[in-house]
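What follows is each chain in one-letter form.
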Amino acid sequence: MKIQKALLAVALVLAFGCKAEKKETVIEIVTNVMDFVTVDTVPSGWNTFKYINKSTEPHFVLFDDYPEGKGEEDAKKMVAPVFEKGMQLILKDEMDKAMAAFGELPEWFGEIVFVGGSGLISPGQENTFTLNLKPGNHIIECYVKMENGMFHTSMGMAKEIWVAEKDSGNSPPKADINISISSTEGISWDKDIIKGKHTFAVYYKDQMVHENFVGHDINLVRLDDNANLNALEAWMNWSLPKGLSNPAPKGVTFLGGTNDAPTGSTQYFKVNLEPGHYAFVSEVPNSRSKGLFKQFTIPE
């Protein structure tokens, strides 16, 4: 009888223990060509996404928290055409006219809050990232450019996602390396980065709008021996004629990271790193002088 009771007690502990452990749902976002294939609705709170790039061009995922009453159609009619017009003027080296064109953006554009997402991903790569979402209407977008200067948003890479009131109940992942990013202090991390699997926590100590109308972010890049750092730094600035334009500079592979996020927020991403040369770089002009382009090496 004592043995039976003991076995019953163990069974109950195992049953309730398993029940208490909630397995987090990972939401997939897939790009096949110029698209985002994913769900239409997600819960609020902490959500983990896996972004899979099956296309032949680099992409990212940026979550935009749109003002109440505004959505995907407003973005297509009132935002995308302005950026296209401005970009075409940049390509013609007519910078004054381009800046005037960007002035045609609707007043509510300034109310859009960029709330994070995935850093840049090269073709064939994937990135798992976690962020905290508030209820309401969001748009995910990628504004990398085609070789002719056309933004991917205009080619179909803008999708509306509704964040429901119901909370996911998830907690943020446990990070083993903490990154801090700031407009005044640049990018820093708290311990040596070694080979293997890592979960990075990225704390946005501050955020600001840089000269190219976007905030700083974290993009993890693997650097081959032929990587040109000057070319990479220039390419990360979309407002230059060839900035963020396919193809990416030779010798670089983008492995993800976290996108433009608000002051005080923390986001997470996971990656498995092999020995080699790497960098964290932000999508801003003059990133090295701002401390927003930092290299590191993982030894054998």
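Refer to the structure printed above.
Here is what the cut-offs are and how they apply
- Residues numbered from 1 in each chain as written.
- Predicted model: local features only at pLDDT ≥ 70, side-chain atom pairs only at ≥ 80, totals over all residues.
- Heavy atoms only, no water.
- Helix = DSSP H or I, 4+ residues; strand = E, 2+ residues; numbered from the N terminus.
- Rg over C-alpha atoms; globule rule 2.2 N^0.38 Å.
- Buried < 20%, exposed > 50% of the residue type's maximum accessible area, 1.4 Å probe, protein only.
- Contact = heavy atoms within 4.5 Å.
- Areas by Shrake-Rupley, 256 points an atom, 1.4 Å probe, with all protein chains shown as cover.
- Phe/Tyr/Trp six-rings, centres within 6.5 Å; stacked < 30°, edge-to-face > 60°.
- Lys NZ or Arg CZ within 6 Å of the ring centre and 35° of its normal.
- Patch = residues over 30% accessible without salt bridge, like charges linked within 9 Å, V, L, I, M, F, W, Y side chains within 5 Å.
- Salt bridge = Lys/Arg side-chain N within 4 Å of Asp/Glu carboxyl O.
- Axes fitted to C-alpha atoms, helices over the stretch in contact; angles between N-to-C directions.
- Parallel < 35°, antiparallel > 145°, perpendicular 65-115°, else oblique.
- Nonpolar A, V, L, I, M, F, W, Y, C, P; charged D, E, K, R; others polar.

Undergrad: Which parts of the structure should I look at to understand the overall build of the protein?
TA: Summing up its helical and strand segments, the protein has four helices and 15 strands in all. Rg of the C-alpha trace for the protein: 21 Å, near the compact-globule value of 19 Å for 300 residues, within the 12% margin. By its C-alpha atoms, the protein is 90 × 50 × 35 Å across when sized along the principal axes. Counting over 300 residues, the protein shows a buried share of 52%. The contacts in the protein between residues at least 6 apart in sequence include a share of 72% that link residues at least 24 apart. Summed over its atoms, the accessible surface of the protein is roughly 14,700 Å², and 55% of this surface lies on carbon and sulfur atoms.

Undergrad: How do you make sense of the packing of aromatic side chains when you look at a structure like this?
TA: The geometry of an aromatic ring pair is captured by the separation of the ring centres together with the interplanar angle, meaning the angle of the planes. Scanning the model with the defined rule gives 21 aromatic pairs in all. A centroid spacing of 4.8 Å and a plane angle of 80° characterise the contact between Phe60 and Tyr143, whose relative ring orientation is edge-to-face. In this pair, Phe60 is assigned in strand E3 (residues 59-65) and Tyr143 in the loop between strand E6 (136-141) and strand E7 (158-167), connecting sequence segments 83 residues apart. Judged by its relative accessible area of 2%, Phe60 falls in the buried class. Cluster of aromatic residues (ring-pair linked, three or more members): Phe83, Phe102, Phe109, Phe151, Phe213 and Trp238. Positioned above the aromatic ring of Phe293 is the side chain of Arg288, whose terminal nitrogen or guanidinium carbon lies 5.7 Å from the ring centre.

Undergrad: What is the right way to read a nonpolar patch on the surface from this model?
TA: A cluster of nonpolar side chains, Met95, Met99, Val209 and Phe213, forms an exposed patch at the surface whose accessible area comes to about 350 Å². Examined against the element boundaries, Val209 turns out to sit in the loop between strand E10 (196-204) and strand E11 (218-223). You can call Val209 exposed: its relative accessible area is 59%.

Undergrad: Just checking my understanding: could you explain the packing of helix H2 (residues 72-91) against helix H3 (residues 95-102) for this structure?
TA: A pair of packed helices can be characterised by two numbers: the angle between their axes and the separation between those axes. Their axes nearest at 8 Å, the elements H2 and H3 cross at an angle of 175°. On the basis of the axis angle, H2 is roughly antiparallel to H3. Contact residues: Val82, Phe83, Lys85, Gly86, Met87, Leu89 and Ile90 in H2; Met95, Lys97, Ala98, Ala101 and Phe102 in H3. Taken together, the residues of the contact of H2 with H3 break down into nine nonpolar, one polar and two charged.

Undergrad: I tried to follow the environment of Pro247 on my own but got confused; where do I start?
TA: With respect to the secondary-structure elements, Pro247 resides in the loop between helix H4 (229-235) and strand E12 (252-258). The spatial distance from the C-alpha of Pro247 to the C-alpha of Thr56 is 9.2 Å, given a sequence separation of 191 residues.

These values are about where atoms sit, not about what they do.
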